[in-house]
Structure formats: C-alpha cells, structure tokens
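Here is what each chain is made of, one letter per residue.
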Amino acid sequence: QVQLAESGGGLVQAGGSVRLSCVASGRTLSSYRLGWFRQAPGKEREFVAQISWSGGSTYYADSVKGRFTISRDDAKSTVYLQMNSLKPEDTAVYSCAARGTLATTYGYWGQGTQDTVSS
C-alpha cells in the first residue's frame, strides 16, 4: 500500500507561484508513475501532469503546459508540482496519485490540497 499526503496549497494572487508537495509512505516511489490531478468546483477531476518512474519523461495537460513543472525526489519519497503564472481558472483541489508499473490506472490517491488563485 502507498499512502500519499499533499501540502502546499493556499491562496495566491493571479500571476503568482506555488509549489505543491506530495509525500509518500508505505512504499518507495521509485517504481511508480506519479501524477497530479485537479478538481474545480462543479467540474470533474482532470489530469494535470505526470512523470515516469525514472523521472525522464513528463507529460502535461495543454492548459498548464509551459507554466507547471512536475518533478520527483525518490530519496525523499516526494513528488512536486511547481505552478507558475497562476490564473483564477487554476483554482481547484489538487491531488497526487501513484500508478504501479503494471497497472493500467492510478490506484493510490492523496486527499488533496486546495489552491485558490484570486484575480
């Protein structure tokens, strides 16, 4: 089992930056693909970014490409989401997730952290 816990959300002005962290416990993250998702009020959860188990490959939603950066530090069992040039439409609950190498879906999820961008 992998337990995930996010932190770093809060209130930020448009154009500002925030770094979210997600710490894993229970197992090492080195063999897991990691991702960030978000859910805005009244909307479905959407994919934000993912990083491969080696850290050598990343993928982003078009809405955040060029502004957000996902990274991982397996020694700290932590995955990060650096969010720059934030917009009010980035306001959401952000959750991290882990996916085993043989899994077809993300099977482990954190509780999420709220990030609010004011205009």
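Scroll up for the structure.
In this text the structure is predicted, and so the values were computed from the model without any measurement. (Residues numbered from 1 in each chain as written. Predicted model: local features only at pLDDT ≥ 70, side-chain atom pairs only at ≥ 80, totals over all residues. Heavy atoms only, no water.)

**Q** An account of the environment of Gly100 is needed here, citing residue identities and associated values.
**A** Structurally, Gly100 can be placed in strand E9 (residues 92-100). With 71 residues separating them along the chain, Gly100 and Leu29 place their C-alpha atoms 9.1 Å apart. With near-sequence residues (within four places) excluded, Gly100 lies in contact with Ser31 and Tyr32. (Helix = DSSP H or I, 4+ residues; strand = E, 2+ residues; numbered from the N terminus. Contact = heavy atoms within 4.5 Å.)

**Q** Tell me about the sheet that holds strand E3 (residues 18-25), and please be specific about residues and values.
**A** Sheets are built from strands that pair by backbone hydrogen bonding, the pairs being arranged parallel or antiparallel. Read across the sheet, 4 strands follow the order E1-E3-E8-E7 without closing on themselves; strand pairing throughout is antiparallel. Looking at strand neighbours, the two that pair on one side only are strand E1 (3-7) and strand E7 (68-73), the edges of this open sheet. When the angles between neighbouring strand axes are averaged without regard to direction, this sheet yields 15°. In this sheet, E3 lies alongside E1 in antiparallel orientation, the contact comprising 5 bridges. In the strand pairing of E3, Leu4 is matched with Ala24. (Pairing = 2+ DSSP bridges. Axes fitted to C-alpha atoms, helices over the stretch in contact; angles between N-to-C directions.)

**Q** Give a description of unusual backbone geometry that names residues and reports values.
**A** At Ser77, a position not held by glycine, the phi torsion is positive, near 50°. With respect to the element layout, Ser77 can be found in the loop between E7 and strand E8 (78-83). A relative accessible area of 16% means that Ser77 is categorised as buried. Positioned with a positive phi, Ser85 is a non-glycine residue whose angle comes to about 50°. Along the chain, the position of Ser85 falls in the loop between E8 and E9. For Ser85, a relative accessible area of 43% puts it in the partly exposed group. (Buried < 20%, exposed > 50% of the residue type's maximum accessible area, 1.4 Å probe, protein only.)

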